[in-house]
Amino acid sequence: MNNISSEMYSLMERLFPICRSITGNGVRETLNIIKEYIPLNIKEVPSGTKVFDWEIPDEWNIKDAYVKDEDGNRVIDFKCSNLHVVNYSIPFVGKLTLAELKKHLYTLPNQPSLIPYVTSYYEKRWGFCLSKNQYDSLKKIIYEVKINATLEPGSLTYADLIIPGKSEKEILFSTYICHPSLANNELSGPVVAIFLAKYFLEKRNNYYTYRFVFAPETIGTITYLSIELAHLKKNVIAGYVMTCVGDDGIFSYLQTK
């Protein structure tokens, strides 16, 4: 492993445990770490702000979540994996029978050893994700359930970096910073984007201007477009979304009309 590969891997190890979502402190922590590598401009847009025909949602943050058995053992534990909680789950405290609890559980029956990633960004509900093997081992007892989270007015956080070139014409690179502990479908894109930006920052005499955008998917990019649309329409001549670049899959390419 060369020095750059080792540095990229070390950065992924730092970012992987952070519980990210489309808003919240996990996104801020992630962008502040990225700012150690490249000079990002980090920006906040308040909840309730209209962005085209969308609206910035309330901000979600989570401290802890668990399902305990009658002996007080955490049979589902957010602190073991942040994938265990349905992302954007509303706060909840209660005691449930197994039948009641199962209404809020999500698995991957065709991949019984894996924890699925489930979100509920725009629907107020709560839930837990677990492997099908773990699901099948649950006993018919009363469970103590707690999700220590907040969903309240705050803001959406995104960041960009513009590297000026000789030309005002821009190449746009966009990547997502909203998923929690998912290495390929999240961190591969931002980490590659960071080191590509470092390359252009260190390179002299860039002809094109390069724009890097780090934003939550869908609502984040919609927000960015709503703010920067006029400039982007005038100057951007090519754009690339950097995601799922950590495996051996082929790259996809969509030409303009």
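See the structure above.
A. Structural detail: the overall build of the protein chain. Summing up its helical and strand segments, the protein chain has six helices and 13 strands in all. C-alpha extents for the protein chain along the principal axes are approximately 70 × 45 × 35 Å. Classification of the 257 residues of the protein chain by burial places 47% in the buried group. Of the contacts made within the protein chain by residues no fewer than 6 positions apart, 76% connect residues no fewer than 24 positions apart. A total of about 13,800 Å² of accessible surface is found on the protein chain, and carbon and sulfur atoms cover 52% of it. In the protein chain, which carries 28 positive and 28 negative side-chain charges, the distance between the mean positions of the two groups comes to 3 Å.

B. The arrangement of the packing of helix α1 (residues 3-15) against helix α5 (residues 183-202) in detail. The interhelical angle for the contact between α1 and α5, taken along N-to-C directions, is 130°, at an axis separation of 10 Å. One element, α1, and the other, α5, form an angle in the oblique class. Remark: the crossing between α1 and α5 carries right-handed chirality. Across the interface between the two elements, Ile-4, Glu-7, Met-8, Leu-11, Met-12 and Leu-15 of α1 pack against Ala-183, Leu-187, Ser-188, Val-191, Val-192, Ile-194 and Phe-195 of α5. Grouping the constituent residues of the contact of α1 with α5 by class yields 11 nonpolar, one polar and one charged.

C. Looking closely at the nonpolar core. One finds Ile-62, Leu-105 and Phe-128 to be the most contacted residues of the largest nonpolar core, which totals 38 residues. Contributions of two or more residues to this core are made by β4 (59-68), α3 (98-102), β9 (142-152), β10 (155-163), β11 (170-176), β12 (209-215) and α6 (219-235).

D. Structural detail: the sheet that holds strand β13 (residues 236-241). The strand order β1-β10-β12-β11-β13 describes an open sheet built from five strands, whose pairing is mixed. Edge strands, defined here as strands with exactly one partner in the open sheet, are β1 (41-46) and β13. Each neighbouring strand pair of the sheet contributes to a mean axis angle of 20°, computed without reference to strand direction. Pairing between β11 and β12: seven bridges, direction parallel. By the bridge assignment for β12, Ser-174 is matched with Val-213. Running over the sheet, helix α2 (residues 25-34) touches β1, β10 and β12 and is turned about 20° from β10.

E. Quick peek at α2. Of all 10 residues in α2, seven are buried, a share of seventy percent or more. Listed in full, the buried residues belonging to α2 are Gly-26, Val-27, Arg-28, Thr-30, Leu-31, Ile-33 and Ile-34. Residues of α2 that are buried make contact with α1, β1, β4, β10, α5 and β12.

F. Seen up close, the sheet that holds β9. The strand order across the open sheet built from four strands is β5-β4-β9-β6, with neighbouring strands paired in antiparallel fashion. Among the strands making up the open sheet, the edge pair consists of β5 (74-77) and β6 (92-97). Strand-to-strand, the axes of this sheet are offset by a mean angle of 15°, without reference to chain direction. Pairing of β6 with β9, which is carried by six bridges, proceeds in the antiparallel orientation. Bridge assignment links Thr-97 to a residue of β9, and that residue is Ile-142.

G. Layout of the pairing of β11. Within β11, seven of the seven residues are buried, leaving the element largely enclosed by the surrounding structure. Burial along β11 is two-sided: Glu-170, Leu-172, Ser-174 and Tyr-176 and Ile-171, Phe-173 and Thr-175, pointing in opposite directions, are all buried.

H. Focus on the environment of Gly-189. For Gly-189, the location among the structural elements is in helix α5. Sequence separation between Gly-189 and Asn-87 is 102 residues, and the spatial gap between their C-alpha atoms is 20 Å. Those residues in contact with Gly-189 that lie beyond four places of it in its chain are Thr-175, Met-242, Thr-243 and Val-245.

I. Structural context of the layout of surface pockets. Empty space within the largest pocket amounts to approximately 890 Å³. Taken together, 28 residues form the lining of the largest pocket, with Gly-239, Tyr-240, Val-241, Met-242 and Ser-252 sitting closest to its centre. Taken together, the elements giving at least two residues each to the lining of the largest pocket come down to β11, α6 and β13. In terms of residue count, β13 provides more of the lining of the largest pocket than any other element does, six residues in total. Residue composition of the lining of the largest pocket, by class: 19 nonpolar, eight polar and one charged.

Criteria and thresholds
- Residues numbered from 1 in each chain as written.
- Predicted model: local features only at pLDDT ≥ 70, side-chain atom pairs only at ≥ 80, totals over all residues.
- Heavy atoms only, no water.
- Helix = DSSP H or I, 4+ residues; strand = E, 2+ residues; numbered from the N terminus.
- Buried < 20%, exposed > 50% of the residue type's maximum accessible area, 1.4 Å probe, protein only.
- Contact = heavy atoms within 4.5 Å.
- Areas by Shrake-Rupley, 256 points an atom, 1.4 Å probe, with all protein chains shown as cover.
- Lys, Arg positive; Asp, Glu negative; His and termini not counted.
- Charge placed at Lys NZ, Arg CZ, Asp CG, Glu CD.
- Axes fitted to C-alpha atoms, helices over the stretch in contact; angles between N-to-C directions.
- Parallel < 35°, antiparallel > 145°, perpendicular 65-115°, else oblique.
- Left-handed = near helix turned anticlockwise from the far one by under 90°.
- Nonpolar A, V, L, I, M, F, W, Y, C, P; charged D, E, K, R; others polar.
- Core = buried A, V, L, I, M, F, W, Y, C linked by side-chain atoms within 4.5 Å.
- Pairing = 2+ DSSP bridges.
- 1 Å grid on protein atoms, 1.4 Å probe; cavity = no way out; pocket = protein on both sides within 12 Å on 5 of 7 lines; lining within 4 Å.
- Points joined across faces, edges and corners; volume = space filled by probe spheres on them.

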